[in-house]
Every structure is written in structure tokens, then in C-alpha cells.
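Report on the structure
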Amino acid sequence: MAAGALDLGLAFVTLISLRLVFVPPGVMFFVAARQMRGAGVGLWRSIAAVLVAVIVGAVAFFALFAREDPICWARNPTTGESFRLDPDRFVHGSSISMDSRDLPSGATESGCTTDSISTSEAVAGISVVAAMLGAVWVLSKPPVPRATPAATMG
Amino acid sequence: MTPGPTAPRIAIVAIVLSFALAVAVGILRTVNAEPVERAAEVAGNVAFVVVFAAPALLALLGLMADHRSWWPPVPSTWGSRS
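Rules used in this analysis
- Counting of residues starts from 1 at the beginning of each chain's written sequence and follows it residue by residue.
- Numbering of ligands from 1 and lettering of chains from A proceed in the order in which they are written.
- Given that the model is predicted, a residue must reach a pLDDT of at least 70 before its local features are reported, and side-chain atom pairs must reach 80 or more before they are shown or counted; all residues, however, enter totals for whole chains, interfaces and linings.
- Axis lines are fitted through C-alpha atoms, for helices just across the contact stretch, and the angle between N-to-C directions can take any value from 0 to 180 degrees.
- Numbering of helices and strands runs from the N terminus, with a helix taken as a DSSP run of H or I at least four residues long and a strand as a DSSP run of E at least two residues long.
- Our angle categories are set so that under 35 degrees counts as roughly parallel, over 145 as roughly antiparallel, 65 to 115 as roughly perpendicular, and the remainder as oblique.
- Helix crossings fall into two classes, left-handed where the near helix is turned counterclockwise from the far one by less than a right angle and right-handed where it is turned clockwise.
- For the purpose of contact definition, each residue receives a C-beta atom placed from its backbone, and two residues are in contact when these atoms lie within 7 Å.
- Note on residue classes: Ala, Val, Leu, Ile, Met, Phe, Trp, Tyr, Cys and Pro are nonpolar, Asp, Glu, Lys and Arg are charged, and everything else, Gly too, is polar.
- By definition, a nonpolar core groups buried Ala, Val, Leu, Ile, Met, Phe, Trp, Tyr and Cys residues that connect through C-beta atoms lying within 7 Å of each other.
- Exposed residues have 12 or fewer other C-beta atoms within 10 Å of their own C-beta, buried residues have 20 or more, and partly exposed residues fall in between, where C-beta atoms are placed from the backbone.

This part is about the packing of helix α1 (residues 2-13) of chain A against helix α3 (residues 23-35) of chain A. Residue and element names in this part refer to chain A. Close contact between α1 and α3 brings their axes to 8 Å; oriented N to C, the two are set at 165 degrees. If you check the angle between α1 and α3, you find them roughly antiparallel. Between α1 and α3 lies a crossing whose hand is left-handed. Residues Ala3, Gly4, Asp7, Leu8 and Ala11 of α1 lie in contact with α3, whose contacting residues are Val23, Pro25, Gly26, Phe29, Phe30 and Ala33. The residue inventory of the contact of α1 with α3, partitioned by class, reads eight nonpolar, two polar and one charged.

Below, the discussion takes up the environment of Pro24 of chain A. Secondary-structure assignment places Pro24 of chain A in helix α3. For the pair Pro24 of chain A and Asp69 of chain A, spaced 45 residues apart in sequence, the C-alpha to C-alpha distance is 33 Å.

The subject of this paragraph is the interface of chain B and chain A. Opposite the 37 residues of chain B that make contact, chain A presents 44 residues. Those elements giving two or more residues to the side of chain B that touches chain A turn out to be α1 (6-32), α2 (35-40), α3 (42-52) and α4 (54-65) of chain B. When residues of the side of chain B that touches chain A are assigned to their parent elements, the largest contribution, 10 residues, is made by α1 of chain B. Within the side of chain B that touches chain A, the residues separate by chemical class into 28 nonpolar, five polar and four charged.

The next thing to look at is the nonpolar core. Core analysis: the largest hydrophobic core is formed by 47 residues, its most contacted members being Ala2 and Ala53 of chain A together with Val51, Phe52, Ala54, Leu58 and Ala59 of chain B. Contributing elements (two or more residues each) for this core: α1, α3, α4 (43-63) and α5 (119-140) of chain A together with α1, α3 and α4 of chain B. In terms of residues, this core owes the most to one element, α5 of chain A, which gives seven residues. Not counting chain neighbours up to four residues away, the residues in contact with Ala54 of chain B comprise Leu6, Gly57, Ala60, Val129 and Met132 of chain A. Formed by nine residues, the second largest nonpolar core is a distinct cluster that contains Ile71, Ala74 and Leu85 of chain A together with Val36 of chain B.

Written out as C-alpha cells, the structure is:
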């Protein structure tokens, strides 16, 4: 159930062109959860697991884009060589201004991306996913039945 | 409706599909990026795949936690005519 909810949540936040692609597995997770119900986990624990999966999963997704890490490049189409440029010179907030005089010699193509996923954001995202999996694992474990003392004879 | 062998099967198909889609999105991001961007975003693309594979990982954990309810399957009851 948590997998289905998270999959539909990710389908909602992803690019509109990819949105529909993530819906079928989400629906299939819901169908599978409905058919496999009765695993012994209480209603409140199930609801908590779904909420944790969706909220922490969304946090993991947005952690990838927490900081703006622009990247600028220029390319020499004749040699196919690419150069990395200092983005601080060209990217100011969400606007990019670049002049052909700023490019290295021979480079005629250039561009910037206002945000990329840095290594620290990647580590943060993966860590949040790991924490979410651990939390959902703990929440979805059926409670251990209490041992009853054996009846004494005589 | 009794839980039967169909339930794990649809879950397994969904898990495989979800993993495949996550990897496909990662490949799409890598292929679509400029060379400089691609080199800078290796860890980012891996993290992107991990985040999009999270539902499949969750379902896999769920199946592992609940495996006693459907495994091992009982072949004698499958397709038997009574």
C-alpha cells in the first residue's frame, strides 16, 4: 500500500511527460496490497507506514534539489571538446546571461543549467530513502505475539 | 477473496516494472545531459534512480516481511478441478 501511494506521489511530482508512466506500477501495488491484506498489521500501523513512505519519500525527492548548483559549459563543435565554465559569471538567480565573448576560443555552443544534483544532495537523498525504508520496515512488521506461560500440571 | 498466488505475481510484476522505470529515467537523464553536466551528475543520477526505485524497494521489503503468507505456494491447489 505504501509503495503504491509513494509511486503515485512520485508520478505527481515528476515531469509531466513521465507522469503517466509511473501510474501503472502504482495501481498494481494497490491491487497487490488489496489481494494480500490480512498480514496481521494493524490499521493504524498501516496508515502510519503509508504516511511515512509518502512524506519521507517526498523529502528524499526534494532533497535532490535542495540547493541550486548551476553548471555552465561551452563546446567546440569541430573538435567535439566540452569545457566547464564558471557558473557564477553567467547565472544570476533564475536568469542566465552569456555572451559569445565569454566563451573559450573555438567554442561556439554553450549553455547553462540552473540546477544540477550535486554529490552532497545525492548522498542526502539516498540517506533519506534508506531511513524511510527502515521506518516503514519497523512499522509494517506484525507485532510479536506475547508468550503465554505454560499451564502447570498438578 | 482469498489471498492466492496471484497477489505476489502482480506485486512482482509491479516491482520489476517500477525498477525498470527508475533505471530508464536515470538512463534518460544521463543520455539527455551535456557531457560536462553528465560528468558532474553521476552521483545525482544514481540518487535519482534510487529515489524513483523507492516504491519497488518498499514493496520488496513488504513481500519479504510477509513472505510466510504466500510462500511456498501449494502447487496441488493450483488449477485443480473439484
